[in-house]
Structures are given as structure tokens and as C-alpha cells.
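Descriptive analysis of the structure
Given next are the chains, with one letter for each unit.
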Amino acid sequence: MASRVATGERQATLRAERAGERIDPRFHRAILKIALELKKPNAPSYDEIVRATIRTMRLDGSAFRRYLGENGARNMSLLLATARTI
């Protein structure tokens, strides 16, 4: 499963580079961090986890949320799949 996730993330990066927009590589780590947090028992809500991740990783909040929004369903399924397999 990990290679499938990595391949999907790499494809998203390539699409963004072709479109002239560079994706911050920390976004991929942030998605993994969110997945790990979602897996914890008594995890806070998805929105709370995203806010905390943006704050602790010092990400550009609007760019990260736009990235999640543009790739929303795909990223959410990757998050949930990652959380279930870890």
C-alpha cells in the first residue's frame, strides 16, 4: 500500500509541476501526519488535526488547504487507507 500512496503523491507532484505550481514537499509529510493522528484512539476531529498540523509544521495554511481541496477526495481516501494500514 505504501508504494501506491507514494506513486499517487508523485503523480500529483508531477501534475502540479506541469501546471507551473510547485507543491511544498512538506505537504506530503503533513498528509502522513494527519493519517497517523486520525488512527489514534480518541482522535480529535479532522479539522482540528489539520489546524494543528498546519500550526506545528508551520505550513502555508491557505496553500495546504487549497492542495487538500484540489485533491480532496483522493487525498482523503489516501489518508484513510494509510491510517487503516499503519
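Residues numbered from 1 in each chain as written. Predicted model: local features only at pLDDT ≥ 70, side-chain atom pairs only at ≥ 80, totals over all residues. Heavy atoms only, no water.

Brief notes about the environment of Phe64
With respect to the helices, strands and loops of the structure, Phe64 is situated in helix H4 (residues 61-70). Residue Phe64 is classed as buried on the basis of its relative accessible area, which comes to 0%. When residues no more than four places from it in sequence are discounted, the contact partners of Phe64 are Phe27, Ala30, Ile31, Ile34, Val50, Ile54 and Leu59. (Helix = DSSP H or I, 4+ residues; strand = E, 2+ residues; numbered from the N terminus. Buried < 20%, exposed > 50% of the residue type's maximum accessible area, 1.4 Å probe, protein only. Contact = heavy atoms within 4.5 Å.)

A few points about the pattern of salt bridges
Under the definition given, this model contains 2 salt bridges. Note that Arg26 is salt-bridged to Asp24, the shortest N-O span being 2.8 Å. Looking at Asp24, the relative accessible area reads 21%, which means it is partly exposed. Note that Glu37 is salt-bridged to Lys40, the shortest N-O span being 3.1 Å. (Salt bridge = Lys/Arg side-chain N within 4 Å of Asp/Glu carboxyl O.)

Structural notes on the nonpolar core
Of all hydrophobic cores here, the largest spans 14 residues; its most connected members are Phe27, Val50, Leu59 and Phe64. Elements with a contribution of two residues or more to this core: helix H2 (26-39), helix H3 (46-57) and H4. Apart from residues lying up to four places away in sequence, Val50 is in contact with Ile34, Phe64, Arg65 and Leu68. (Core = buried A, V, L, I, M, F, W, Y, C linked by side-chain atoms within 4.5 Å.)

Observations regarding unusual backbone geometry
Note: most peptide bonds trans; most residues except glycine with negative phi. Phi at Asn42 takes a positive value of approximately 60°, unusual for a residue other than glycine. Here Asn42 is to be found in the loop between H2 and H3. Although it is not a glycine, Arg58 adopts a positive phi angle of roughly 55°. Inspection of the secondary structure assignment puts Arg58 in the loop between H3 and H4. On the basis of relative accessible area, Arg58 is assigned to the exposed category, the value being 72%.

Side note on the confidence of the model for the protein chain
Confidence in the prediction for the protein chain averages 77 pLDDT; 57% of positions are at 70 or higher. Mean pLDDT across the elements of the protein chain ranges from a minimum in helix H1 (residues 2-18), with 58, to a maximum in H3, with 94. (pLDDT = per-residue confidence, 0-100.)

Comments concerning H4
Of the positions making up H4, those classed as buried are Ala63, Phe64, Tyr67 and Leu68. For H4, the arc enclosing every buried residue in end-on projection is 135°, short of the 170-degree limit, so these residues lie on one face. Residues of H4 that are exposed and point more than 90 degrees away from the buried face comprise Gly69 and Glu70. (Arc of directions from axis to C-beta.)

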